[in-house]
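# Examining the three-dimensional arrangement
Below are the chains, spelled out letter by letter.
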Amino acid sequence: MNTPLGTRQDPLPSPALRALDRITRRLSAIPDGLILLLGRFSIAAVFWKSGQTKIEGLAIDLISGEFQLGWPGLAESALFLFENEYRLPLLPPMLAALLAALAEHVFPVLLLLGLATRLSALALLGMTLTIQLFVYPDAYPTHGVWATVLLVLIVRGAGPYSADYWLAGRLSVR
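Residues numbered from 1 in each chain as written. Predicted model: local features only at pLDDT ≥ 70, side-chain atom pairs only at ≥ 80, totals over all residues. Heavy atoms only, no water.

### A short note on the packing of helix H2 (residues 32-52) against helix H6 (residues 140-156)
Their axes nearest at 10 Å, the elements H2 and H6 cross at an angle of 130°. With respect to H6, the element H2 is oriented oblique. Crossing geometry of H2 relative to H6 is assigned as left-handed. Along the contact surface, H2 presents Asp-32, Leu-36, Gly-39, Arg-40, Ile-43, Val-46 and Phe-47, while H6 presents Trp-146, Val-149, Leu-150, Val-152, Leu-153 and Arg-156. (Axes fitted to C-alpha atoms, helices over the stretch in contact; angles between N-to-C directions. Helix = DSSP H or I, 4+ residues; strand = E, 2+ residues; numbered from the N terminus. Parallel < 35°, antiparallel > 145°, perpendicular 65-115°, else oblique. Left-handed = near helix turned anticlockwise from the far one by under 90°. Contact = heavy atoms within 4.5 Å.)

### Re unusual backbone geometry
With a phi angle near 45°, Arg-87 is a residue other than glycine that sits in the positive phi range. Structurally, Arg-87 can be placed in the loop between helix H3 (76-86) and helix H4 (93-113). Since its relative accessible area comes to 59%, Arg-87 is described here as exposed. In this model, Ala-116 sits at a positive phi of 55°, which is unusual for a non-glycine residue. By the secondary structure assignment, Ala-116 is in the loop between H4 and helix H5 (117-135). (Buried < 20%, exposed > 50% of the residue type's maximum accessible area, 1.4 Å probe, protein only.)

### Some details on the nonpolar core
Membership of the largest hydrophobic core comes to 22 residues, with the highest contact counts inside it found for Ile-43, Phe-47, Phe-82, Leu-111 and Leu-150. Of all the secondary-structure elements, those providing two or more residues to this core are H2, H3, H4, H5 and H6. Residues in contact with Leu-150, not counting those within four places in the same chain, are Ile-43, Phe-47, Ala-121, Leu-124, Leu-125 and Thr-128. (Core = buried A, V, L, I, M, F, W, Y, C linked by side-chain atoms within 4.5 Å.)

### Regarding the pattern of salt bridges
Under the definition given, this model contains 4 salt bridges. Residues Arg-156 and Asp-32 are paired through a salt bridge, measuring 2.9 Å at the closest nitrogen-oxygen approach. Highlighted residues: Arg-156 in helix H6 and Asp-32 in helix H2, separated in sequence by 124 residues. Assessed through its relative accessible area of 42%, Asp-32 is described here as partly exposed. (Salt bridge = Lys/Arg side-chain N within 4 Å of Asp/Glu carboxyl O.)

### Some remarks on a nonpolar patch on the surface
On the surface, Ile-23, Leu-27, Ile-30, Leu-34, Ile-35, Leu-37 and Tyr-161 cluster together into a nonpolar patch covering about 650 Å² of accessible area. Those elements giving two or more residues to the nonpolar patch turn out to be helix H1 (15-28) and H2. The element that contributes the greatest number of residues to the nonpolar patch is H2, accounting for 3 residues. As for its placement among the helices and strands, Leu-34 is situated in helix H2. Here Leu-34 falls in the partly exposed class, since its relative accessible area comes to 47%. (Patch = residues over 30% accessible without salt bridge, like charges linked within 9 Å, V, L, I, M, F, W, Y side chains within 5 Å. Areas by Shrake-Rupley, 256 points an atom, 1.4 Å probe, with all protein chains shown as cover.)

Structure (structure tokens):
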């Protein structure tokens, strides 16, 4: 049961359990919206940084302060990887590289804004599963963390600090 110990009817038998109950209550007070915002930012950063390695002519890294504005083009190194290392089934390497670069830029921006969050998270979950199954099957610990964050966003949505929430309020759909 995920309720704090203090909601029980019988008194807590020891100071240690009372201290644990206080800690549990404080941790339970962390706002879900803050957790969802952190999840959106974190997973968006993972995919954005990966997408940045696939293009030339546009570099935006808010953390390091790197900015190179221009028209993005597919990097030759990205095409090389899709031709020689990734080798996805059913898609020609050029198309797979373009789609991956596009998805790794569009969906992270949508996640940051909290716009079409569930759809964006679902698309990135599909990418994660593809990477896990066909590209790096030994990276399941990393991909498991990504999948967990994306599933939380799919199930819970973007939270109150998002365009989705604002739009739902404007459309009275909450």
